[in-house]
Amino acid sequence: MITATNTALAINGGEKAVTINDMDTFHWPIITNEDEEAVLAVLRRGAMSGTDVTELFEKEFAAWQGCSYALGCNNGTAALHSAMWACGVTHGTEIIAPSVTYWATALPALNLGASINFADIDPDTFTIDPDDIEHRITKNTRAIVVVHLYGYAADMDPIMAIAKKYNLKVIEDVSHAHGALYKGRKVGTIGDAGAMSMMSGKCFAIGEGGMLVTNNRLIYERAVAFGHYERTGASRYSNAARAITDESLLPFAGLPMGGFKYRMHQLSAAVGRVQLKHYDDRMQGIQGAMNYFWERIKDVPGVIEHRVQYERSTMGGWYLPAAGYCADDLGGLTVERFCAALTAEGVKGVSPGVNKALHTHALFHSADIYGDGKPTMCANTDRDIREGAGTLPVAENIGARAMFIPWFKKCDTTVIDQYVSAFRKVASNYRELL
């Protein structure tokens, strides 16, 4: 076990605990000649806006994900937007979504004329609280949007039971958890549809792009019809992979039903095919590094372990790894002060708080986005669905009791040990910071 030094904290003039400046441990994504050649092949034949490479990527991704269908989109927001419409989220309906997440999890619902019923989060997992869902269901509810936040799989079993009871669709936002397992099942395949971002900062990074996955043929076809007009089988197009067979959608082939062009850029698809070949191995490297780190700091006062606790489950690529924080364990020391001291020690990637609660943002209270003469959140409902301050206490107070921690991409124990030493040093000498 690494022990903390008794030297003064760096924030007070002492020597830094982290002296190795090894950015290779944090470098991501990993781009090789294989990625570059794949991109050049698309460029040289002028196929950037086609679909042939993307369709190959979709087939390979669906096989890796373990689902029947995958649809490449230009970003994760487009994938989520398409999934909502495909699952019946339309004018006058509602979705239930966690308040603590990236805005794209929920905001596209407003574009569809739907409203968002924000739910609270579990204080330990930071994902949607299954106990705060059922009482929010109304006759207008169509879908529950679940986020596997910061790589931590949401507790899907009770959520799926609720959805089955009320005949609701479940959309999984997998943007933080590519490859993560929940009780042996890959996230994104448990609900009715999964949607994810693949932008360059994500653990599965292809440049810019998104993916929708599902085992439901109708959901897949509706998502194609919504934003992939060139793949609907209209006579003026010769694309061999005509995706639309549903008779209710066929009359509208040739034009996107949502009025959007959501196809994936084929440079990204080319990178995606290469990244997919190596992702499992690289993900295992991240898993090894993050687990090594947690095993050595999980007993540090003030820092609360945040890694999946379900049986036969993993954190996938650990996108934006987080930790809980307990100020009471360190004499009331704020998470802001704790992170500032870690940064002074040379620790990279720490910051206080996590995503702020969306339900408190003015956009969900007073913005009239589409000129309805009333706040968009309430424009198409028969009630005031807005959540005021104090209604979701865990979400609203998460900033004081959580923090982002370093995201190690490789298990370089020499580097990680110095980071462990920094955490122990700050926690051991917290009185200097009060």
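Look up a bit, the structure's there.
**Points about the side chain of His148**
By the element assignment, His148 lies in the loop between strand 4 (141-147) and helix 5 (156-166). Excluding anything up to four places from it in sequence, His148 contacts Ala153, Ala154, Met156, Glu172, Asp173, Val174, His176, Ala177, Val187 and Gly188.

**So, the sheet that holds strand 5 (residues 169-173)**
Read from one edge of the open sheet, 7 strands run 1-9-8-5-4-2-3, paired in mixed fashion. A single partner strand is all that each edge strand has here, and the edge strands are strand 1 (69-73) and strand 3 (115-119). The average undirected angle you get between the axes of adjacent strands in this sheet is 20 degrees. For strand 2 (residues 94-98) and strand 3, the ladder comprises 5 bridges, and the chain directions are parallel. Within strand 3, the position partnered with Glu94 by the bridge is Ser115. On the sheet, helix 3 (residues 76-86) packs against strand 1, strand 2, strand 4, strand 5, strand 8 (193-197) and strand 9 (210-214) and is oriented at approximately 160 degrees with respect to strand 8.

**Looking at the pattern of salt bridges**
Side chains that carry opposite charge are capable of pairing whenever their charged atoms lie near each other. Counted under the stated rule, the structure contains 22 salt bridges. Note that Glu37 is salt-bridged to Arg44, the shortest N-O span being 4.0 Å. The class of Glu37 is partly exposed, set by a relative accessible area of 45%. By relative accessible area, Arg44 is classed as exposed at 63%. Note that Lys425 and Glu345 form a salt bridge whose closest N and O atoms lie 3.0 Å from each other. You can see Lys425 sitting in helix 10 (residues 413-428) and its partner Glu345 sitting in the loop between helix 8 (335-344) and strand 12 (351-352), a full 80 residues away along the chain. Taking the relative accessible area as the measure of exposure, Lys425 reaches 1% and is therefore buried.

**Topic: the packing of aromatic side chains**
The description of an aromatic ring pair rests on the distance of the ring centres and on the angle between the ring planes. Scanning the model with the defined rule gives 26 aromatic pairs in all. Here the aromatic rings of Phe226 and Phe260 are separated by 5.6 Å at their centres, their planes lie at 40 degrees, and the arrangement is tilted. Taken together, the residues Phe226 in helix 6 (residues 217-227) and Phe260 in the loop between helix 6 and helix 7 (266-297) connect sequence positions 34 residues apart. When its relative accessible area of 24% is taken as the criterion, Phe260 is described as partly exposed. Ring centres of Tyr319 and Trp407 lie 5.5 Å apart, and the angle between their planes is 90 degrees; on these two criteria the pair is classed as edge-to-face. Residue Tyr319 is located in the loop between strand 10 (303-304) and strand 11 (322-325), and its partner Trp407 is located in the loop between strand 13 (402-404) and helix 10; the two are separated by 88 residues in the primary sequence. Note on Trp407: relative accessible area 12%, which makes it buried. Here the aromatic residues Phe26, Phe293, Trp294, Tyr325, Phe338, Phe408, Tyr419 and Phe423 are joined through ring pairs into a cluster of three or more. One Lys or Arg, Lys409, reaches over the ring of Trp407 and ends 3.9 Å from the middle of that ring.

The rules behind the values
Residues numbered from 1 in each chain as written. Predicted model: local features only at pLDDT ≥ 70, side-chain atom pairs only at ≥ 80, totals over all residues. Heavy atoms only, no water. Helix = DSSP H or I, 4+ residues; strand = E, 2+ residues; numbered from the N terminus. Contact = heavy atoms within 4.5 Å. Pairing = 2+ DSSP bridges. Axes fitted to C-alpha atoms, helices over the stretch in contact; angles between N-to-C directions. Salt bridge = Lys/Arg side-chain N within 4 Å of Asp/Glu carboxyl O. Buried < 20%, exposed > 50% of the residue type's maximum accessible area, 1.4 Å probe, protein only. Phe/Tyr/Trp six-rings, centres within 6.5 Å; stacked < 30°, edge-to-face > 60°. Lys NZ or Arg CZ within 6 Å of the ring centre and 35° of its normal.

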